[in-house]
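Letter by letter, the chains look like this.
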Amino acid sequence: MRSLRTRLSIAFIAIAVLTTVLSATFASYEAHRTFRQYVERREIPEVGGRLPQAGGPIVVVRPLRRPLGAREVLFGSRIRNGIWAGTAVAAGLGLLLALLLAGRMARPVGDLTRAARVITSGGTPSPVPVEGQDEIAELARAFNKMADRLATDEEQRRRLFAGIAHELRTPLSVIQGTLEGMLDGVLQPSSERIATLHSQSLLLARLITDLRDLSLAQAGQLRLNLSTVDPATIVRETLEALAPLADERRVTLHADVPRDVPRIQADPDRLRQIVQNLVENAVRHTPAGGEVRATMRVEPGTAGPAGVRLAVADTGVGIDAADLAHIFKHFYRADQSRARASGGTGLGLAIVKSLVEAHGGRVAVESTAGKGSTFTVTLPGRHDAAVPQEAAL
């Protein structure tokens, strides 16, 4: 009996039958005993002696048993038959109720089992019906949430692999085609073609590095070399390093970074990576003649020291409202053609989110299609307590 429904049904039936049979047996016995006591007992007076107080005769009552007559026997048998008939009806109703209860209790478990088998086979099950507020209903709700999370993770995994394959295929195709042309004598080696091969190899190296950083961050194994740093200095140095890229694309790069910004606990290399990814993303998506502005302000601390807030705003193409919720996902591009032509890997914003959260901060984006976007990074301030030189994500 491996079926839960069968075991529950047998248990309920056994309880119902045992209860009704015991009740009927006790009721039949008591009814028969009481009936015999009532019918068979006769009080026959017997006279003898006198009472000294009242001066009258002494009356002695002695019970006398007589055998039951046909009517009494018939009446007693009808009582017993009625009791057992009621017992049979009660037992039948108990059996029916037991089957209904067992089916009602076992059905959600069966639904959960079937859905789990679908997940085991690699499919996506339909949501399990939820009825009531009991423990089984709570289990069904938790299972549905788990199934949704697994489906989301599986979709992200598939999209990640597809994105990796596509991003690797593009530069490899360029490198392979150029080298084959040179080997066949169709293309002559030149500084321009060698520079193209070099840029594609750099893109491959950057993609591999980004994938490694992202996988370490998501696995909780990315280590931060924390130290007390001046974020304003790091932002200004990073903007200076990106000035040639902005000039090449004819984008004006502005910096609004005061000198009284508080120092924070951060990994300086990862902080530069955050700023670089945000500014590069803004420059690549801003048309010629536009501008990108990096602004840093003090973020008042609610439960600790003051932190910093960095905002990178551009006058680019902007992001549609439907894309904002997905902008920090792997290889997600609001504009596929422009983003790929710009040379980005599609992982920059995902890495920014992972690194900011690793520092205990948060990142947000606001955008209007056709007017530009603003990415805001908030990092907590420095605490007086000693901070380890290395901290795992």
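On a predicted model such as this, the values are computed, not experimentally measured, just so you know. By convention here, each chain's residues receive numbers from 1 onward along its written sequence. Residues qualify for local features only when their pLDDT is at least 70, as the model is predicted, and side-chain atom pairs are given and counted only at 80 or more; totals for whole chains, interfaces and linings, by contrast, use all residues. Heavy atoms from the whole structure form the basis of all side-chain values; hydrogens and water molecules are not counted.

How do you make sense of the overall build of the protein chain when you look at a structure like this?
We count a stretch as a helix when DSSP gives it H or I for four or more residues in a row; a strand needs E for two or more, and each element gets its number in order from the N terminus. Assigned secondary structure in the protein chain consists of nine helices and eleven strands. Whether a residue is buried, partly exposed or exposed follows from its accessible area with a 1.4 Å probe, protein chains only, as a fraction of its type maximum: under 20%, in between, or over 50%, in that order. Residue burial in the protein chain is summarised as follows: out of 393 residues, 34% are buried. Across the protein chain, every contact between residues at least 6 apart in sequence was considered, and the portion connecting residues at least 24 apart equals 69%. Accessible surface is estimated by sampling points in the Shrake-Rupley manner with a 1.4 Å probe; for residues, cover comes only from the protein chains shown. As displayed, the protein chain has an accessible area near 23,900 Å², and 58% of this comes from carbon and sulfur atoms. Contact between two residues is taken to exist if any of their heavy atoms lie within 4.5 Å; hydrogens are not considered.

Looking at this structure, I do not really get the confidence of the model for the protein chain. What am I missing?
Per-residue confidence from the predictor is given as pLDDT, running between 0 and 100. Per-residue confidence for the protein chain gives a mean pLDDT of 76, with 78% of residues at or over 70. Ranking the helices and strands of the protein chain by mean pLDDT puts strand β10 (residues 372-379) first, with 92, and strand β11 (residues 390-392) last, with 42. Below a pLDDT of 50 lies the segment residues 384-393, which in the model reaches 21 contacts outside its immediate sequence neighbourhood of four places, other chains included.

What's the story with helix α6 (residues 268-284) in this structure? I'm lost.
The span one expects for a helix is its residue count, reduced by one, times 1.5 Å. Under the 1.5 Å per step criterion, the end-to-end length of α6 is 24 Å for 17 residues, consistent within 8% with the ideal 24 Å. Among the 17 residues that make up α6, twelve are buried, leaving the element largely enclosed by the rest of the structure. Buried within α6 are the following residues: R270, L271, Q273, I274, V275, N277, L278, V279, E280, A282, V283 and R284. Counting of polar contacts relies on pairs of N or O atoms within 3.5 Å, with two restrictions inside protein: one atom must be capable of donating a hydrogen and the other of accepting it, and residues adjacent in sequence are counted only when both atoms are side-chain atoms. A distance of 3.1 Å separates the backbone nitrogen of D269 from a side-chain oxygen at the start of α6, and that oxygen is part of D267.

In this structure, what is going on with the environment of L172? I would like to understand it.
For L172, the location among the structural elements is in helix α3 (residues 135-183). Residue L172 is classed as partly exposed on the basis of its relative accessible area of 43%.

Explain unusual backbone geometry here, please?
Negative phi characterises most residues that are not glycine, and trans characterises most peptide bonds. Even without being a glycine, R250 presents a positive backbone phi close to 55°. Position of R250 relative to the elements: it lies in the loop between α5 (231-248) and β5 (252-256). Classification of R250 by relative accessible area gives exposed; the value is 62%.

Sorry if this is basic, but what is going on with the sheet that holds strand β9 (residues 362-368) here?
Pairing between the strands of a sheet comes from backbone hydrogen bonds, and it takes one of two forms, parallel or antiparallel. Two strands form a pair only when DSSP identifies at least two bridges running between them. A sheet is described by the order of its strands in space; here five strands give the open sequence β5-β7-β8-β10-β9, paired in mixed fashion. At either end of the open sheet lies a strand with only one pairing partner, and these are β5 and β9. The average angle at which neighbouring strand axes cross in this sheet is 15°, direction not considered. Pairing of β5 with strand β7 (residues 291-299) involves five bridges; the strand directions are parallel. The residue bridging T252 from the neighbouring strand is E291, located in β7. Sheet strands touched by α5: β5, β7 and β8 (307-314). Its angle to β5, the strand with the most contacts, is close to 170°. Whenever a helix is involved, its axis is fitted only over the stretch in contact; in every case the axis is a line through C-alpha atoms, and angles between N-to-C directions fall within 0 to 180 degrees.

Any chance you could explain the packing of α6 against helix α9 (residues 348-358) here in plain terms?
Angle between the axes and distance between the axes are the two parameters that describe a pair of packed helices. It is the contact of α6 with α9, at a shortest axis distance of 9 Å, that shows an interaxial angle of 145°. Between α6 and α9 the crossing geometry is left-handed. On the side of α6, the interface is formed by R270, Q273, I274, N277, L278 and N281, while α9 contributes G348, L349, I351, V352, L355 and V356. Each residue is assigned to one of three groups, with Ala, Val, Leu, Ile, Met, Phe, Trp, Tyr, Cys and Pro labelled nonpolar, Asp, Glu, Lys and Arg labelled charged, and all others, Gly among them, labelled polar. In the contact of α6 with α9, the residues fall into seven nonpolar, four polar and one charged. We call a crossing left-handed when the near helix sits turned anticlockwise from the far one by less than a right angle, and right-handed when that turn is clockwise.

Help me understand the packing of α5 against α6, please; the structure alone is not making it clear to me.
Across the interface, α5 lies against α6 with an axial gap of 9 Å and an inter-helix angle of 40°. By the angle between their axes, α5 is oblique relative to α6. Crossing handedness for the pair α5 and α6: right-handed. Contacts from P231, I234, V235, E237, T238, L239, L242, L245 and A246 in α5 reach P268, L271, R272, V275, Q276, V279, E280, V283 and R284 in α6. In the contact of α5 with α6, the residues fall into twelve nonpolar, two polar and four charged. Just so you know how the angles are binned, under 35 degrees is roughly parallel, over 145 roughly antiparallel, 65 to 115 roughly perpendicular, and the rest oblique.

Is there a simple way to think about the pairing of β9 in this case?
The side chains of a regular strand alternate, residue by residue, between the two faces of the sheet. Taking every second residue as pointing to the same face, the buried face of β9 carries V363, V365 and S367, while none of R362, A364, E366 and T368 on the other face is buried. Of the pairings in the sheet, the one linking β9 to β10 comprises seven bridges and is antiparallel in character. From the neighbouring strand, E366 faces β10, where its bridge partner is T374. Once β9 ends, the chain turns through three residues before running back antiparallel as β10, passing G370 with a positive phi of about 85°.

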